[in-house]
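# Structural overview for review
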Amino acid sequence: MSNNVKVHSGKKRAKRVGNISTNTDLTGQTAMVTGASSGLGVRFAQVLTAAGARVIITARREKKLAELEQEINRQGGEAHSFALDVTDLDKLPAFFDTLREKNLMPNILVNNAGMNVVKPALDYTPDDYRQVLDTNLTAPFFLANEFARHHIEQGSAARIINIASVGGHNVLPGLTPYCTSKSGIIMMTRGLAREWARSEVNVNAICPGYIETEINDFWWQTDGGKKQIASWPRRRLAGKEDLDGALLLLAGPHGSGMTGSTISVDDGQYI
């Protein structure tokens, strides 16, 4: 692999996968997406595949992963699924060893796996807190380390895209540990970007606004959820597809000069 993540765009159009198409061409690149069994992770895998990348999809739910793998491959993409609990930190080095042995080492890492426990801070147990912080902050840190270690040793360029949240900048009631973890992701992004800048390992973050996913779909049908939507300037939820541009920018050639950056994509919810 060369020292630059090369992506060609312009007249040549990247292949279409399912109902997703893009002019960005990531042919020859391998992207790994954590938390790819549902929600944003599924969309990220589909978009990267539509841009021509081979994708490594990971999560704990093997059945869901297998379904996505089959769907992508049936539509002409290339996906490889691996069951992975990102909080099992001792197994991460061996996991990346396995990818290397199979010639599947990614040069793009999308740190997407995350979770939440919705309750007032006073009701939080130590286990609740550990679960949120271990999944949302500790795991991405060590995943980034193992991923970057390989590329630094090989002298090859790479991209890390951390999925933070508008909760990293704004107080979201009832979500204090979640916001703490996402604020930590933003600072972690900047710190790692600084450390690895000369190694051509770009580290950036995306802060999505509220998007309906499996972990929050129950809320939007309630009176409280409807009131929250009505309070936003556009009075709507953001869509998963709204993140496509930021994802491809940070994964592709036009993001080569970006490292330590955080892009908010919230459909104006927090103007």
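Basis of the calculations
- Numbering of residues begins from 1 in every chain and follows the order in which that chain's sequence is written.
- Local features in this predicted model are restricted to residues whose pLDDT is 70 or higher, and side-chain atom pairs enter the listing and the counts only when it is 80 or higher, whereas totals over whole chains, interfaces and linings include all residues.
- Hydrogens are left out, water is left out, and the side-chain values use all remaining heavy atoms of the structure.
- Helix and strand definitions follow DSSP, with helices as H or I runs of at least four residues and strands as E runs of at least two, each counted in order from the N terminus.
- What the globule rule says is 2.2 Å times the number of residues to the power 0.38, and the radius of gyration is computed from C-alpha atoms.
- Summary of the burial criterion: residues with accessible area below 20% of their type's maximum are buried, those above 50% are exposed, and those between are partly exposed, where the area comes from a 1.4 Å probe applied to protein chains only.
- In what follows, a contact means two residues having at least one pair of non-hydrogen atoms within 4.5 Å.
- For this count, His and the chain ends are skipped, Lys and Arg are scored as positive, and Asp and Glu as negative.
- By convention, the point assigned to a charge is CZ for Arg, NZ for Lys, CD for Glu and CG for Asp.
- Definition used for salt bridges: Asp or Glu carboxyl oxygen within 4 Å of a side-chain nitrogen of Lys or Arg.
- Here the expected length of a helix is defined as 1.5 Å per residue gap, with one fewer gap than residues.
- Aromatic rings from Phe, Tyr and Trp, with only the six-membered ring used for Trp, were paired whenever their centres fell within 6.5 Å, and each pair was classed as stacked if the ring planes differed by under 30 degrees, edge-to-face if by over 60, and tilted otherwise.
- Note on pairing: DSSP must find at least two bridges between two strands before they are called paired.
- With the strands aimed away from the viewer, a crossover counts as right-handed if its path from the first strand over the helix to the second runs clockwise.
- Axis lines are fitted through C-alpha atoms, for helices just across the contact stretch, and the angle between N-to-C directions can take any value from 0 to 180 degrees.

## Here we look at the overall build of the protein
When helices and strands are tallied, the protein shows seven helices and seven strands. Across the protein, helices and strands are ordered from the amino to the carboxyl terminus as β-α-β-α-β-α-β-α-β-α-β-α-α-β. Here the protein has a C-alpha radius of gyration of 18 Å; the compact-globule value for 271 residues is 18 Å, and the two agree. Dimensions of the protein, computed from the C-alpha atoms along their principal axes, are close to 50 × 40 × 35 Å. Across the 271 residues in the protein, those meeting the buried criterion constitute 52%. The contacts of the protein with a sequence gap of at least 6 include a subset with a gap of at least 24, amounting to 71%. Each charge class in the protein was averaged separately, 30 positive and 28 negative side chains, and the resulting centres sit 7 Å apart.

## Considerations on the pattern of salt bridges
Under the defined criterion, the tally for this structure stands at eight salt bridges. One salt bridge connects Lys91 with Asp88, and the closest N-O pair in it is separated by 3.5 Å. When the shortest N-O distance is used, the salt bridge between Asp128 and Lys119 registers 2.9 Å. The class for Lys119 is partly exposed, based on a relative accessible area of 24%. Several salt bridges converge on common partners, so that one network encompasses Arg234, Arg236 and Asp267.

## Remarks on helix H1 (residues 39–50)
Relative to the 16 Å expected for 12 residues at 1.5 Å per residue, H1 spans 17 Å between its end C-alpha atoms, a close match to the ideal helical length. Across the 12 residues of H1, 12 count as buried, placing the element largely inside the fold. Within H1, the full set of buried residues consists of Gly39, Leu40, Gly41, Val42, Arg43, Phe44, Ala45, Gln46, Val47, Leu48, Thr49 and Ala50. Positive backbone phi, approximately 105°, marks Gly52, located one or two places after H1.

## Some points on the packing of aromatic side chains
For the coordinates displayed, the defined rule picks out six aromatic pairs. With centroids separated by 5.9 Å and ring planes inclined at 85°, the aromatic side chains of Phe82 and Phe95 adopt a geometry described as edge-to-face. On the criterion of sequence distance, the pair formed by Phe82 in strand E3 (residues 79–83) and Phe95 in helix H3 (residues 92–101) is long-range, its members being 13 residues apart. A residue is classified by how much of its surface remains accessible, and Phe82, at 17% relative accessible area, is buried. On the accessibility criterion, Phe95 (9% relative accessible area) is buried.

## Re the pairing of strand E5 (residues 158–163)
E5 sits mainly inside the fold: six of its six residues count as buried. The sheet contact formed by strand E4 (residues 108–111) and E5 spans four bridges and is parallel. Looking across to E5, one finds that Asn111 is bridged to Asn162. One crossover worth recording links E4 to the parallel E5 by way of helix H4 (residues 126–154), and it is right-handed. By the bridge criterion, six bridges tie E5 to strand E6 (residues 201–208) in an arrangement that is parallel. Bridging across to E6, Ile161 finds its partner in Asn204.

## Re the sheet that holds E6
Adjacent strands of a sheet pair through backbone hydrogen bonds, lying either parallel or antiparallel. If you trace the seven strands from one edge of the open sheet to the other, you get E3-E2-E1-E4-E5-E6-E7, paired in parallel fashion. Lying at the two open borders of the sheet, with one neighbouring strand each, are E3 and strand E7 (262–265). Sheet twist, expressed as the mean angle between neighbouring strand axes with direction ignored, is 20°. The pairing of strand E1 (residues 30–33) with strand E2 (residues 54–59) spans four bridges and is parallel. Counterpart to Val33 in the pairing with E2 is Ile57. Strand contacts of helix H7 (residues 244–251): E4, E5, E6 and E7, with the helix running at about 150° to E5, the strand carrying the most contacts.

## Some points on the side chain of Glu146
By the secondary structure assignment, Glu146 is in helix H4. Once residues within four sequence positions are removed from consideration, Glu146 is found in contact with Leu92, Pro93 and Phe96.

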